[in-house]
Amino acid sequence: GRGTFRFIQDPHDGVMAGVFAEMFARFRYEGFFVDAGLLKPRSESTARMDVTDFIRAIRASIARALLGEPPGSVRYLRRRVAMEDRLGAFRAPPLDQVLFKAPGEEPDPDEVESPAGIHSVADSLLKFGRKNRPLVFVFRGGEWIDRPLHDLLLRFAQGASRAPVCGFVFYETADVEAWHVL
């Protein structure tokens, strides 16, 4: 599974917006499509979106996507993700009930944002991709991510070269820190 990961400037409208709409329509049909929508900081005082914000949005999107999956696929994903998710990032609501059929708790944000936590979350997310149903995840707001979330996405991008996954992070033109790939 050779996947891909890209930061893409949001086209909003025009020809490129139509191209992406067609591409995503096909991905919805052929892949495990997870659209987290527009991710922004929780408040004006929070200048960046962190790993916990990202995980919450991705969990909700994955839970919605799993509702359309056959029970056998859900069981298969449960086993794959459980092997990798050491922190329980994907065992918290609302994904806990849909994927694991058991109540879960929100993981400790400090653990999740540690280097080991970032690796665990990224590697766990990669497990949602399968050869017959590659994971395609999309979100907007790439200009809002903080350094640990940036590191998580780069870890995911490294894994995408050997996993059946595609990640698309759309961004708006904005001033970003020097460490940001934008």
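Residues numbered from 1 in each chain as written. Predicted model: local features only at pLDDT ≥ 70, side-chain atom pairs only at ≥ 80, totals over all residues. Heavy atoms only, no water.

**Digging into the side chain of aspartate 50**
Counted only if it meets this: Each helix is a run of H or I in the DSSP string that is no shorter than four residues. Each strand is a run of E no shorter than two, and both are numbered from the N terminus. Burial classification: accessible surface area is computed with a 1.4 Å probe over protein chains only, and a residue below 20% of its type maximum counts as buried, one above 50% as exposed, and the rest as partly exposed. Under the rule applied, a polar contact is a pair of N or O atoms within 3.5 Å (in protein, one hydrogen donor and one hydrogen acceptor; residues adjacent in sequence only if both atoms are side-chain atoms).
Residue position: aspartate 50 is located in the loop between β2 (32-38) and α2 (51-66). A residue is classified by how much of its surface remains accessible, and aspartate 50, at 16% relative accessible area, is buried. At a separation of 2.8 Å, a polar atom in the side chain of aspartate 50 contacts the main-chain amide nitrogen of aspartate 53.

**Here we look at unusual backbone geometry**
In this structure, proline 94 follows proline 93 across a cis peptide bond, with omega equal to -5°. Relative to the assigned elements, proline 94 resides in the loop between α3 (71-84) and α4 (95-100). The residue histidine 12 is not glycine, and still its phi comes out positive at about 55°. With respect to the secondary-structure elements, histidine 12 resides in the loop between β1 (4-9) and α1 (15-30). Residues other than glycine seldom take positive phi values, yet lysine 101 does so here, at roughly 55°.

**Considerations on the packing of aromatic side chains**
Let me state the cut-off plainly: For Phe, Tyr and Trp, rings pair up if their centres lie within 6.5 Å, where Trp contributes its six-membered ring, and each pair is then called stacked (planes under 30 degrees apart), edge-to-face (over 60) or tilted (otherwise).
Counted by the stated rule, this structure contains 16 aromatic pairs. Pairing phenylalanine 24 with phenylalanine 168 gives two aromatic rings, centres 5.6 Å apart and planes at 65°, and the pair type is edge-to-face. You can see phenylalanine 24 sitting in helix α1 and its partner phenylalanine 168 sitting in strand β4 (residues 165-171), a full 144 residues away along the chain. The pair formed by phenylalanine 24 and phenylalanine 168 is uniform in burial state, with each residue classed as buried. A ring pair is formed by phenylalanine 137 and phenylalanine 139, whose centres lie 6.3 Å apart and whose planes are at 10°; its orientation type is stacked. Here phenylalanine 137 matches phenylalanine 139 in class, with each residue buried. Members of the aromatic cluster, each reached through a chain of ring pairs, are Phe5, Phe7, Phe54, Phe137, Phe139 and Phe156.

Treat this as a map of the structure, not an account of what it does.
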